[in-house]
Amino acid sequence: GENHQLRREGSGPREHEICFDFGDGLHFEALHSRNESKLLPKHIHPVRQKRAWITAPVALREGEDLSRKNPIAKIHSDLAEEKKLKITYKYTGKGITEPPFGVFVFNKDTGELNVTTILDREETPFFLVTGYALDERGKNLEKPIELRIKVLDINDNEPVFTQDVFVGSVEELSAANTLVMKINATDADEPNTLNSKISYRIVSQEPANSPVFYLNKETPFFW
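So, a few notes on the structure that sits alongside this text. A quick note: this is a predicted structure, and the numbers were derived from the prediction, not measured.

1. Here's the deal with the pairing of strand β7 (residues 112-115)
Then comes step 1: Residues L113 and V115 of β7 are buried on one face, while the alternating residues E112 and N114, pointing to the opposite face, are not.
Then comes step 2: The pairing of strand β4 (residues 73-77) with β7 spans two bridges and is classified as antiparallel. In the sheet register, K74 faces β7, and the bridge partner there is E112.
Then comes step 3: One ladder, built from three bridges, connects strand β6 (residues 104-106) with β7; its direction is antiparallel. For F104, the partnering residue across the bridge sits in β7 and is V115.
Then comes step 4: What sits between β6 and β7 in their antiparallel hairpin is a turn of five residues, with G111 showing a positive phi close to 80°.

2. Looking at unusual backbone geometry
With glycine set apart, most residues show a phi of negative sign, and most peptide bonds adopt trans.
Then comes step 1: Cis geometry is found at the peptide bond from N70 to P71, where omega equals -10°.
Then comes step 2: Looking at where P71 falls in the secondary structure, it is placed in the loop between β3 (58-61) and β4.
Then comes step 3: Of note, the amide linkage connecting E206 to P207 takes the cis form, showing an omega dihedral of 0°.
Then comes step 4: Topologically, P207 is positioned in the loop between β13 (198-202) and β14 (221-222).

3. Focus on the packing of aromatic side chains
Then comes step 1: Following the criterion strictly, the structure yields four aromatic pairs and no others.
Then comes step 2: Aromatic pair F104 and F127: ring centres 5.0 Å apart, planes at 90°, arrangement edge-to-face. Residue F104 is located in strand β6, and its partner F127 is located in strand β8 (residues 126-134); the two are separated by 23 residues in the primary sequence. There is no split in this pair, since F104 and F127 are both buried.
Then comes step 3: An aromatic cluster is defined as three or more aromatic residues linked by ring pairs; in this entry it consists of F28, Y91 and F106.
Then comes step 4: The side chain of K90 reaches across the aromatic face of Y132, ending 5.9 Å from its centre.
Then comes step 5: One Lys or Arg, K94, reaches over the ring of F126 and ends 5.3 Å from the middle of that ring.

4. A closer look at the sheet that holds β3
Then comes step 1: Taking strand neighbours across the sheet as the criterion, the four strands line up as β3-β9-β8-β5 in an open arrangement whose pairing is mixed. Of all the strands in the sheet, the pair left with one neighbour each is β3 and β5 (88-93). Across this sheet, the average inter-strand angle for adjacent strands is 30°, counted without regard to direction.
Then comes step 2: Examined bridge by bridge, β5 and β8 share six bridges and lie antiparallel to one another. Across the sheet, the residue bridging to Y91 is G131, located in β8.

5. Concerning the sheet that holds β7
Paired through their backbone hydrogen bonds, the strands of a sheet run either parallel or antiparallel.
Then comes step 1: Strand order in this open sheet of four strands is β2-β4-β7-β6, and the pairing throughout is antiparallel. In this open sheet, the two edge strands, each paired with only one partner strand, are β2 (26-29) and β6. Strand-to-strand twist in this sheet, taken as the mean axis angle between neighbours without regard to direction, amounts to 25°.
Then comes step 2: As defined by bridge partners, β2 adjoins β4 across four bridges and the pair is classed as antiparallel. Considered in β4, the bridge of L26 is made with S77.

Calculation rules
Residues numbered from 1 in each chain as written. Predicted model: local features only at pLDDT ≥ 70, side-chain atom pairs only at ≥ 80, totals over all residues. Heavy atoms only, no water. Buried < 20%, exposed > 50% of the residue type's maximum accessible area, 1.4 Å probe, protein only. Helix = DSSP H or I, 4+ residues; strand = E, 2+ residues; numbered from the N terminus. Pairing = 2+ DSSP bridges. Phe/Tyr/Trp six-rings, centres within 6.5 Å; stacked < 30°, edge-to-face > 60°. Lys NZ or Arg CZ within 6 Å of the ring centre and 35° of its normal. Axes fitted to C-alpha atoms, helices over the stretch in contact; angles between N-to-C directions.

Below is the structure:
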């Protein structure tokens with residue numbers, strides 16, 4: 001068969017943000033989107049109510065040393081100030097109490113959550129952890145709260161052909177633009193993004209002095 005080469009197309013920078021939550025109950029505090037506090041009205045004050053928090057996901061890029069971003073999140077209960085209670089914070093979920101273990105560690109006194117390892121989106125695309133505020137007997141003081149941690153993709157996987165040799169055929173005297181065969185390749189990066197977009201090209205033909213075949217850059221069809 002012909003020899004072919006694949007390449008991956010662009011990988012632009014991505015940004016991530018976390019929204020602040022204020023008020024009642026157990027809530028997450030944003031820690032590494034420092035400028036967001038400037039966007040909040042100054043007249044907002046925590047008011048304790050019976051309602052559920054909706055937290056924005058934390059987004060962390062794979063393949064990077066993330067230690068400089070620690071702590072990546074923090075849970076906090078207003079009861080600590082309101083009733084002067086001793087509160088112990090706890091997290092459970094994937095990366096903590098479920099495989100892969102040891103990805104995150106937390107501080108039971110401050111509620112801070114730290115990431116300890118370099119993440120791999122292809123291995124684990126997201127983590128869902130639950131935070132708890134516990135009293136001295138280990139009982140919930142607040143309704144547990146969930147935090148989704150999304151792993152951002154980088155262009156770190158080479159595209160590969162689905163088989164070593166593709167065999168095509170065409171009858172002699174066939175008209176120009178007759179389909180000879182279809183080749184196929186895959187990329188393990190995030191689907192439907194530039195990181196996983198594949199383009200095709202022929203790197204050589206025999207005989208080389210009179211090229212006969214062509215391959216559409218955007219499709220796997222061989223003519």
